[in-house]
Amino acid sequence: MFLTQASTSIWDALAFSGPAPERINGRLAMVGFVTALAVEAGRGDGLLSQLGSGTGQAWFAYSVAVLSVASLVPLLQGESAEGRAGAIMNANAELWNGRFAMLGLVALAATEIITGAPFINV
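**Things to note about the overall build of the chain**
Along its length, the chain carries five helices and zero strands. Traced from its N-terminal end to its C-terminal end, the chain shows the element sequence α-α-α-α-α. Dimensions of the chain along its principal axes, counting C-alpha atoms only, are 55 × 30 × 25 Å. Residues classed as buried in the chain amount to 23% of the 122 residues present. Considering only contacts within the chain whose residues lie at least 6 apart along the sequence, 74% involve residues at least 24 apart. When the accessible surface of the chain is summed, it comes to about 8,300 Å², and 67% of that surface belongs to carbon and sulfur atoms.

**Examining the confidence of the model for the chain**
For the chain, the average pLDDT comes to 83, and 92% of its residues sit at 70 or higher. Here helix 1 (residues 10-13) is the element of the chain with the lowest mean pLDDT, 77, and helix 5 (residues 91-115) is the one with the highest, 91.

**Topic: the packing of helix 2 (residues 20-43) against helix 5**
Relative orientation of the contacting elements helix 2 and helix 5 amounts to 45°, with a least axis distance of 8 Å. Taken together, the axes of helix 2 and helix 5 lie oblique to each other. Between helix 2 and helix 5 lies a crossing of left-handed hand. Of the residues in helix 5, those in contact with Glu-22, Arg-23, Asn-25, Gly-26, Arg-27, Ala-29, Met-30, Gly-32, Phe-33, Ala-36, Leu-37 and Glu-40 of helix 2 are Ala-91, Glu-94, Leu-95, Asn-97, Gly-98, Arg-99, Ala-101, Met-102, Gly-104, Leu-105 and Leu-108. Taken together, the residues that form the contact of helix 2 with helix 5 break down as eleven nonpolar, six polar and six charged.

**Concerning the packing of helix 2 against helix 4 (residues 57-76)**
Contact pair helix 2 / helix 4: the axes reach a minimum separation of 10 Å and the direction vectors enclose 140°. With respect to each other, helix 2 and helix 4 are oriented oblique. Crossing hand, helix 2 versus helix 4: right-handed. Here helix 2 contributes Ala-20, Ile-24, Arg-27, Leu-28 and Val-31 to the contact with helix 4, which in turn contributes Ser-63, Val-64, Leu-67, Ser-68, Ser-71, Leu-72 and Leu-75. Residue composition of the contact of helix 2 with helix 4, grouped by class: eight nonpolar, three polar and one charged.

**Digging into helix 5**
Compared with an ideal rise of 1.5 Å per residue, which puts 25 residues at 36 Å, helix 5 spans 36 Å between its outermost C-alpha atoms and is within 8% of the ideal. Positive phi shows up at Gly-116, right after helix 5, with a value of about 80°.

**Some remarks on the pattern of salt bridges**
Two side chains with opposite charge may pair up if their charged atoms get near one another. The final tally for this structure, using the stated rule, is four salt bridges. Linking Glu-94 and Arg-27 is a salt bridge whose minimum nitrogen-to-oxygen distance equals 2.4 Å. Highlighted residues: Glu-94 in helix 5 and Arg-27 in helix 2, separated in sequence by 67 residues. Since its relative accessible area comes to 22%, Glu-94 is described here as partly exposed. On the basis of relative accessibility, which here comes to 22%, the residue Arg-27 falls in the partly exposed class. Close ionic contact of Asp-45 with Arg-43 constitutes a salt bridge, the shortest N to O distance being 3.2 Å. Where salt bridges share partners, they join Arg-23, Arg-27 and Glu-94 into one cluster.

Conventions we followed
- Residues numbered from 1 in each chain as written.
- Predicted model: local features only at pLDDT ≥ 70, side-chain atom pairs only at ≥ 80, totals over all residues.
- Heavy atoms only, no water.
- Helix = DSSP H or I, 4+ residues; strand = E, 2+ residues; numbered from the N terminus.
- Buried < 20%, exposed > 50% of the residue type's maximum accessible area, 1.4 Å probe, protein only.
- Contact = heavy atoms within 4.5 Å.
- Areas by Shrake-Rupley, 256 points an atom, 1.4 Å probe, with all protein chains shown as cover.
- pLDDT = per-residue confidence, 0-100.
- Axes fitted to C-alpha atoms, helices over the stretch in contact; angles between N-to-C directions.
- Parallel < 35°, antiparallel > 145°, perpendicular 65-115°, else oblique.
- Left-handed = near helix turned anticlockwise from the far one by under 90°.
- Nonpolar A, V, L, I, M, F, W, Y, C, P; charged D, E, K, R; others polar.
- Expected span 1.5 Å × (residues − 1).
- Salt bridge = Lys/Arg side-chain N within 4 Å of Asp/Glu carboxyl O.

Here is the structure:
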């Protein structure tokens, strides 16, 4: 059996079925979910009021840039997430955690829309 090296093209990495889009979105969702909960607990601002205030837009842009570059560089060097995975921290667990974080952000917004109050205060 021959092992083929992963493509090092940025277009292959960012393709719809490529390795980067879901991983990058999942990582950003994990950071966003934890940050949204921390701000709710600390200041009492719900997710929708956080989005409406615009105070975190610069931090959001920096986070997107840093996490995107940090996620793309190993892929462009020919590494894969599966190749770097261990027994406990594996590539599938990261994908599922990212998916749950995306759902968590939607749940925070839905809770605030339905109840009129942030999740922490419900």
